[in-house]
Amino acid sequence: MELVQMQKSLQDYTKSLFLDGVLDSQFLQLQQLQDESNPDFVSQVVTLFFQDSDRILNDLSLSLDQQVVDFKKVDPHVHQLKGSSSSIGAQRVKNACVVFRSFCEQQNVEGCHRCLQQVKKEYYLVKNRLETLFKLEQQIVASGGMIPAMELGF
Amino acid sequence: MVCEMETDHQTEEMDVEVLSSMWPEDVGGTEPDNQFNVEKPAGDSDTLKEVDIAEKRTMADLKRLPDLLDTTDQGSSQLTNLVKQWEYMQDHAVRLLREELKILTKQREEAEAKELKIIEEHNFESEEPENVPVLDESSDLFRRFKEKKRDKLVGRKRIEIDEEFDTVAYWKQKALSLEKMLEASTERERRLIKKLNESLKTMESHSAPVEELTQNLKRAEGFLHFILQNAPIVMGHQDKDLRYLFIYNKFPTLREHDILGKTDVEIFHGGGVKESEDFKREVLEKGKASKREITFETDLFGSKTFLIYVEPVYNKAREKIGINYMGMEVTDQVRKREKMAKLREDNAVRKAMESELTKTIHITEETMRAKQMLATMSHEIRSPLSGVVGMAEILSTTKLDKEQRQLLNVMISSGDLVLQLINDILDLSKVESGVMKLEATKFRPREVVKHVLQTAAASLKKELTLEGNIADEVPILVVGDVLRIRQILTNLISNAIKFTHQGKVGIKLKVIPEPSFANGLELNADAEEQNGLTETETSVWIRCDVYDTGIGIPENALPCLFKKYMQASADHARKYGGTGLGLAICKQLVELMGGQLTVTSQVDLGSTFTFILPYKVATSNDHSDDQDEFSDMVDHQPEPDDSTEGYFQFKPLLGSIYSNGGPVIGNNFLPHKVMLPSPVKLINGQSEAVQVENGGCMDGPRHETRSGHCPESAHQYENGNGPCHSKESESCSSSQASSEMESEFTVSSPREEEKAETVVKETSKQPKILLVEDNKINIMVAKSMMKQLGYTFDIANNGVEAVTAINGSSYDLVLMDVCMPVLDGLKATRLIRSYEQSGNWDAAVEAGVDIKTLEDKQLCVRSTNRLPIIAMTANTLSESSEECYANGMDSFISKPVTLQKLKECLKQYLH
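In every chain, residue numbers begin from 1 and rise along the written sequence. Here chains are named by letter from A upward and ligands by number from 1 upward, in the order in which they appear as written. For a predicted model such as this one, the threshold for reporting local features is a pLDDT of at least 70, and the threshold for listing and counting side-chain atom pairs is 80 or more; totals across whole chains, interfaces and linings nevertheless cover every residue. Values shown for side chains rest on all heavy atoms present in the structure; no hydrogens or waters enter the calculation.

- In the nomenclature of an unreviewed UniProt entry, chain B corresponds to histidine kinase from the organism Brassica napus.
- UniProt positions are given in the numbering used here, feature names are shortened, and annotations may be inferred rather than shown by experiment. UniProt, in its Catalytic activity (unreviewed entry) section for chain B, records the words "ATP + protein L-histidine = ADP + protein N-phospho-L-histidine."
- Heading Subcellular location (unreviewed entry) of the UniProt record for chain B holds this comment: "Cytoplasm".

- As annotated in an unreviewed UniProt entry, chain A carries the name Histidine-containing phosphotransfer protein and is attributed to Brassica napus.
- UniProt, in the comment section headed Function (unreviewed entry), describes chain A in these words: "Functions as a two-component phosphorelay mediators between cytokinin sensor histidine kinases and response regulators (B-type ARRs). Plays an important role in propagating cytokinin signal transduction."

Written out as structure tokens, the structure reads:
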């Protein structure tokens, strides 16, 4: 009973992430890629994403705090982050990156600062949510249950 | 006392705010007249000293000051006040004295009354001669004395005394008493005198007006001094020439003679001085006191702001004689005020910026989303559509009867048109965002006109004649962006047809001299560079009229005709439909190409849209080559020679292809050249070989592949209809495939078989794939996807690594990220293509890539093979598909890469 409830809540939780736009269908792609031969694929990729993004955000903060902002340095970071977030389906981070890049193009320091805050906000949101998601999954696995497959319908 | 008060005052003020002195404190060495040092207690009563003090702390022309006080209203009123006050005090003193006198008089009267009473009581008569002085008092005394004497000495014996009148004793007695009387009188007199003197003395002590006035002045002065001592205030009086006659609290280093008798301008130099002088003069002229804030910028005391009050001074005759002037230093206040204003302004600006920024972010987000959506959509639509067109093309090579062929051609044209439209809608947004690039390709204007008309005729549902008329002098072959020109023509023609119900619609082409608006055609220069054309080319301006006999356009609608989403009127929009985008696109495209689009129209008679564009004329050398190729084709095609024909006409043939299946094909409808009647000719060598090897099942995908990855299938279609394009005319993306195709049309060579074998061999083994990607996460995801699809791949992290890897081993497919550090995907692809063409890595080495060249033999083999390179783009404007094709990529997958996309792509290129 307990297990069924947990599975249900995981499903609801995942669904809410999609409905809130925190994740998009690309995340489903990742889930699809996870199989017996590679059971931790999603969490591996996401963990890599977290490591990578933490570093990028740190670099970005440093770059933007310079007296003279070198946009040639900033832009590739944002591009990188955009690519990564797009790959794991962190839609809102990606969208924030798109705006960020347009400010980089305009060399708008103020705008970039704002965008960095926005990107950070979205990043921590998705990080938080995904960590919760994994925790739920682990709990289910620990109780001997199966991770319910997400339906691709929505 | 005053001192104490002042220090109290100062400390009090210190608590509130440290007020810096108006003048700098370290100014000047000797300060003989520093008003802060000079402080005399007000109690000091020496008048002269007080005057000295006044002289020290103020500065006044003392000779003139009394004058001033005498002659001015203010001065005289003050004096009047003082005098009045003094008079009042004098009156007071007099009144007091009078009262005293009154009291004395009363006392005296009382005394007299008493005496009289006494005398009457004593009833005594006086017969003595009244030879005493007539002084009242003394006479009284004398009388009293006399009475007493009579009483005492004479009494009733008067007559008797009379007898003894001359006796010695009598006289003696009389003398004695008189003496006594005299003594008393003298005593009284003395007392009176004394009293008088005393009175006089008191009078005197009260009566000196000078002393009184001085005291008052002293008090007033002390008060003023006390108030003004530390105040940042300058006061002065200037005569009507604005020369200082008096100044208080002047700048410490200035001496009396520096100021008095001079004007501001003579004393100070710098900003504000002139202004203050003008202001004073203005006040003097207007006769009205007023205030103004003036900032001085002088060498003497730097930048200081004073609030200046100036009032005119009149003499008693109401004539202006000068001004009084008072200035208060408000530098700090002004600074604060300005700071506040600035802060407020900054705040407002910041707020505005903030909202602007939010708006911008919002708009950018929206725009990006819209653009991305558009890009994705166009891609999504384009791919299947090109599949449809491609299939139709292949279908057209099979055995068909004339009717079917006809239908198929229309299908291809329409599909082709939709493809173009999709591209062009994308292009419009690109033109607007400035990303649009023009391509320079060789094309035949006649053919373009004909095709446009043909396509239009194919979908024509009206009784209209379509005609094309091209002047003889129009070159056979010109260089320009044929796709755009075709689009413009198509747009204008369909527009014309839409609004024409009978008569004809046509296109007229002729060469015109260079118009005045053209100045230096950079465009062509650019195009030339891009195209790498080195032949000598001449420029030609061609005017193209698209005319109709339609409803025409009212004059008032002309101005907004080329605006987006605008039609001549709402009625039109309802009646004729359409987005209203067409003409806007045309205009933008024409202008982008350096030309001009105009319109003339008459209601009910028709309209003519005219655009003039510059083209380069291709050299005859190219032309002849092309002709050869063309003649080859002509051998197989008993069609009229399109390349020189100057007039086409398409007459309406309603119903023939739509309503019934009858084999009605008019000779003059669609003077088509149904291409490549023999299937052997098209599906030659290569694909047939594949078919054979794979048991024929690969037929579909193979062809789909061809057209699917070619964004410019329009081109191919044109080629198919008449392969009149030279190789240069092909865009990079399709050049390989189509040129192979073309060569294979004409030459049946053993090379094909050889090639087919290669293909077969390659498909039989695990394909080698190279993933060029810098993002670890993307690599991880791609790896997993590839694994699921059953492939493995090598990884290069940037363009340089990719080039090195490709040099080191041979790959069947490259998946190339566009935006990468060190060397991006576009450049890397160019280098790879250059290597394929030239057989060496010179370009790469030039670009700074360290390449170890391999043996010549391998190079030769490799260079004949075109390595499929698939871009992985983020679908942004900067990573557009066009850019990818232009740089030699074969196709692209939009990011994020999905299993489905990857699968399709691999299917296309690896079988």
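Past the structure itself, the notes keep going.
Observations regarding the overall build of chain A
In step 1: Secondary structure elements are taken from DSSP: a helix is a run of H or I of four residues or more, a strand is a run of E of two residues or more, and numbering for both begins at the N terminus. Each helix and strand in chain A was counted, giving six helices and zero strands.
In step 2: If you list the helices and strands of chain A from N to C, you get α-α-α-α-α-α.
In step 3: Per-residue burial for chain A yields a buried fraction of 51% across its 154 residues.
In step 4: Sequence-distant contacts in chain A: of pairs separated by 6 or more residues, those separated by 24 or more amount to 70%.
In step 5: Residue exposure ignores everything except the shown protein chains as possible cover, and the areas themselves are Shrake-Rupley values with a 1.4 Å probe. As displayed, chain A offers around 7600 Å² of accessible surface, 50% of which is attributable to carbon and sulfur atoms. Exposure categories follow from relative accessible area, calculated using a 1.4 Å probe and restricted to protein chains: below 20% of the type maximum is buried, above 50% is exposed, and the middle band is partly exposed. The contact criterion used throughout is that any non-hydrogen atoms of two residues lie within 4.5 Å.

Things to note about the UniProt feature "modified residue: 4-aspartylphosphate" (unreviewed entry) in chain B
Residue and element names in this part refer to chain B.
In step 1: When the UniProt feature table is mapped onto this chain numbering, "modified residue: 4-aspartylphosphate" (unreviewed entry) sits at D817.
In step 2: Counting through the fold element by element, D817 comes out in strand β18 (residues 813-817).
In step 3: Setting aside chain neighbours within four positions, we find D817 in contact with V772, E773, D774, G825, M872 and K895.

Describing the environment of G83 of chain A
In step 1: Examined against the element boundaries, G83 of chain A turns out to sit in helix α4 (residues 71-88).
In step 2: On the accessibility criterion, G83 of chain A (15% relative accessible area) is buried.
In step 3: Note: C-alpha distance between G83 of chain A and C97 of chain A (14 residues apart in sequence) is 9.2 Å.
In step 4: Dropping the residues within four chain positions of it, G83 of chain A is found in contact with N775 and N778 of chain B.

What about unusual backbone geometry?
In step 1: You will see that R318 of chain B, though not glycine, has its phi angle at about 60°, which is positive.
In step 2: Relative accessible area serves as the criterion here: at 54%, R318 of chain B is assigned to the exposed category.

Section: the environment of Q788 of chain B
In step 1: Along the polypeptide, Q788 of chain B turns up in helix α26 (residues 776-789).
In step 2: Taking the relative accessible area as the measure of exposure, Q788 of chain B reaches 35% and is therefore partly exposed.
In step 3: In sequence terms Q788 of chain B and L899 of chain B are 111 residues apart; their C-alpha atoms lie 8.7 Å from each other.
In step 4: Apart from residues lying up to four places away in sequence, Q788 of chain B is in contact with Q32, L33 and D35 of chain A together with L899 of chain B.

With respect to the UniProt feature "modified residue: Phosphohistidine" (unreviewed entry) in chain A
In step 1: Sequence positions flagged by UniProt for "modified residue: Phosphohistidine" (unreviewed entry) are, in local numbering, H79 of chain A.
In step 2: Take H79 of chain A: it is sitting in helix α4.

A few points about the packing of aromatic side chains
Residues and elements named next belong to chain B.
In step 1: When the centres of two rings from Phe, Tyr and Trp lie within 6.5 Å, Trp using its six-membered ring, the rings pair. Their planes under 30 degrees apart give stacked, over 60 give edge-to-face, and anything left gives tilted. Scanning the entire structure with this criterion turns up 10 aromatic pairs over all chains.
In step 2: Seen from their ring centres, F296 and F306 are 5.6 Å apart, and the 80° between their planes marks the pair as edge-to-face. Remark: F306 occurs in strand β6 (residues 302-314) and F296 occurs in strand β5 (residues 290-298); sequence separation between them is 10 residues. For the pair shown, F296 and F306 are each scored as buried.

Concerning the pairing of strand β3 (residues 244-248) of chain B
Residues and elements named next belong to chain B.
In step 1: A large share of β3 lies buried, amounting to four of its five residues.
In step 2: Only when DSSP finds a minimum of two bridges between them are two strands counted as paired. Two elements, strand β2 (residues 233-239) and β3, share four bridges in a ladder whose sense is antiparallel. For M235, the partnering residue across the bridge sits in β3 and is Y248.

Let's talk about the confidence of the model for chain B
Residue and element names in this part refer to chain B.
In step 1: Residues of chain B with pLDDT of at least 70 account for 62%, and the chain-wide mean is 70.
In step 2: The quantity called pLDDT is the predictor's confidence in a given residue, expressed from 0 to 100. Element-level pLDDT for chain B is lowest in helix α20 (residues 679-682), with a mean of 35, against a maximum mean of 91 in strand β16 (residues 769-772).
In step 3: This stretch, residues 1-17, has a pLDDT under 50; its non-local contacts, to residues over four places away or in other chains, come to 12 contacts.
In step 4: Segment residues 125-130 is flagged for pLDDT under 50; beyond a separation of four residues in sequence, or across chains, it makes 14 contacts in the model.
In step 5: As scored by the predictor, the complex reaches a pTM of 0.34 and an ipTM of 0.85.

Points about the nonpolar core
In step 1: The set of buried Ala, Val, Leu, Ile, Met, Phe, Trp, Tyr and Cys residues whose side-chain atoms join them within 4.5 Å is what this entry labels a nonpolar core. Residues F27, F100 and L130 of chain A together with I769 and L815 of chain B are the most contacted members of the largest nonpolar core, which totals 72 residues.
In step 2: Once residues lying within four places of it in the same chain are set aside, the contact partners of F100 of chain A are L60, L64, V74, V78, C112, C115, L116 and V119 of chain A.
In step 3: L464, A471, L509 and L561 of chain B belong to the second largest nonpolar core, which has 49 residues in total.

Considering the packing of α4 of chain A against helix α5 (residues 91-106) of chain A
Residue and element names in this part refer to chain A.
In step 1: Every angle, taken between N-to-C directions, lies between 0 and 180 degrees, and every axis is a line fitted to C-alpha atoms, over only the stretch in contact when it is a helix. At their nearest, the axes of α4 and α5 sit 9 Å apart, and the two run at 160° to each other. The pairing of α4 with α5 is recorded here as roughly antiparallel in orientation. In this structure, α4 meets α5 at a crossing whose hand is left-handed. Each of F71, V74, D75, V78, H79, L81, K82, S85 and S86 in α4 lies in contact with α5, whose residues at this interface are V93, K94, C97, V98, F100, R101, F103 and C104. Should an angle fall under 35 degrees it is called roughly parallel, over 145 degrees roughly antiparallel, and 65 to 115 degrees roughly perpendicular, with every other angle called oblique. The sense of a crossing depends on the near helix, which, turned anticlockwise from the far helix by less than a right angle, makes the crossing left-handed and, turned clockwise, makes it right-handed.

Remarks on the UniProt feature "coiled-coil region" (unreviewed entry) in chain B
In step 1: If you check UniProt for "coiled-coil region" (unreviewed entry), the listed places come out as residues 94-121 of chain B in our numbering.
In step 2: Secondary structure within residues 94-121 of chain B divides into 100% helix and 0% strand; the distance between the first and last C-alpha atoms comes to 40 Å.

Section: the packing of helix α2 (residues 25-33) of chain A against α26 of chain B
Helix packing for two helices is described by the angle between their axes and how far apart those axes are.
In step 1: As a packed pair, α2 of chain A and α26 of chain B sit with axes 10 Å apart at the nearest point and diverge in direction by 50°. Taken as axis vectors, α2 of chain A and α26 of chain B run oblique relative to one another. For α2 of chain A against α26 of chain B, the interelement crossing comes out left-handed. Across the interface between the two elements, Q26, Q29, L30, Q32 and L33 of chain A of α2 of chain A pack against V781, S784, M785 and Q788 of chain B of α26 of chain B.

Quick word on a nonpolar patch on the surface
In step 1: The grouping of F223, L224 and I227 of chain B at the surface amounts to a nonpolar patch, some 300 Å² of accessible area in total.
In step 2: Residue classification places F223 of chain B among the exposed residues on the basis of a relative accessible area of 51%. A patch consists of residues whose relative accessible area exceeds 30% and which take part in no salt bridge; residues with like charges are grouped when within 9 Å of each other, and nonpolar side chains (Val, Leu, Ile, Met, Phe, Trp, Tyr) when within 5 Å. In the sections that follow, a salt bridge refers to a side-chain nitrogen of Lys or Arg positioned within 4 Å of a carboxyl oxygen of Asp or Glu.

Structural notes on helix α15 (residues 482-498) of chain B
In step 1: For a helix, the expected span equals 1.5 Å multiplied by the residue count minus one. In this model, α15 of chain B (17 residues) spans 24 Å end to end at C-alpha, consistent with the 24 Å of a helix rising 1.5 Å per residue.
In step 2: Counting buried residues along α15 of chain B, 15 of its 17 residues qualify, which places the element largely inside the surrounding structure.

Things to note about helix α6 (residues 109-142) of chain A
In step 1: When the terminal C-alpha atoms of α6 of chain A are compared, their 48 Å separation across 34 residues agrees well with the 50 Å that a helix rising 1.5 Å per residue should span.
In step 2: Polar contact is defined as a pair of N or O atoms within 3.5 Å, subject to the rule that within protein one atom must be able to donate a hydrogen and the other to accept it, and that residues adjacent in sequence are counted only when both atoms are side-chain atoms. For α6 of chain A, the capping residue at the N-terminal end is N108 of chain A, with a side-chain oxygen 3.2 Å from the backbone nitrogen of E110 of chain A.

Observations concerning the interface of chain A and chain B
In step 1: Every contact between the two is made by 31 residues of chain A and, on the other side, 28 residues of chain B.
In step 2: Between chain A and chain B lies a buried interface of about 2700 Å² when both sides are counted; carbon and sulfur atoms form 60% of it.
In step 3: The interface formed by chain A and chain B holds one salt bridge in total.
In step 4: Linking chain A with chain B are seven residue pairs in polar contact (both at pLDDT 80 or more), by the criterion used here.
In step 5: Contributions of two or more residues to the side of chain A that touches chain B are made by α2, α3 (41-64), α4, α5 and α6 of chain A.
In step 6: It is α4 of chain A that contributes the most residues to the side of chain A that touches chain B, eight residues altogether.
In step 7: Gly is placed with the polar residues, together with every amino acid not listed as nonpolar (Ala, Val, Leu, Ile, Met, Phe, Trp, Tyr, Cys and Pro) or charged (Asp, Glu, Lys and Arg). Per-class residue counts for the side of chain A that touches chain B are 10 nonpolar, 15 polar and six charged. Two parts lose some accessible area (1.4 Å probe) when they are put together, and adding that loss for both gives the buried area.

Regarding the sheet that holds β18 of chain B
Residue and element names in this part refer to chain B.
In step 1: Pairing is parallel across the open sheet formed by five strands, whose spatial order is β17-β16-β18-β19-β20. The outermost strands of the open sheet, each flanked by one partner alone, are β17 (794-796) and β20 (891-894). In this sheet, adjacent strand axes meet at a mean angle of 20° when their direction is disregarded.
In step 2: By the bridge criterion, four bridges tie β18 to strand β19 (residues 869-873) in an arrangement that is parallel. Looking at the pairing, V814 lines up with I869 of β19.
In step 3: α26 rests against β16, β17 and β18 of the sheet, and its axis sits at about 160° to β16.
In step 4: Packing of helix α28 (residues 825-838) onto the sheet brings it into contact with β18 and β19, and relative to β18 it is tilted by some 150°.

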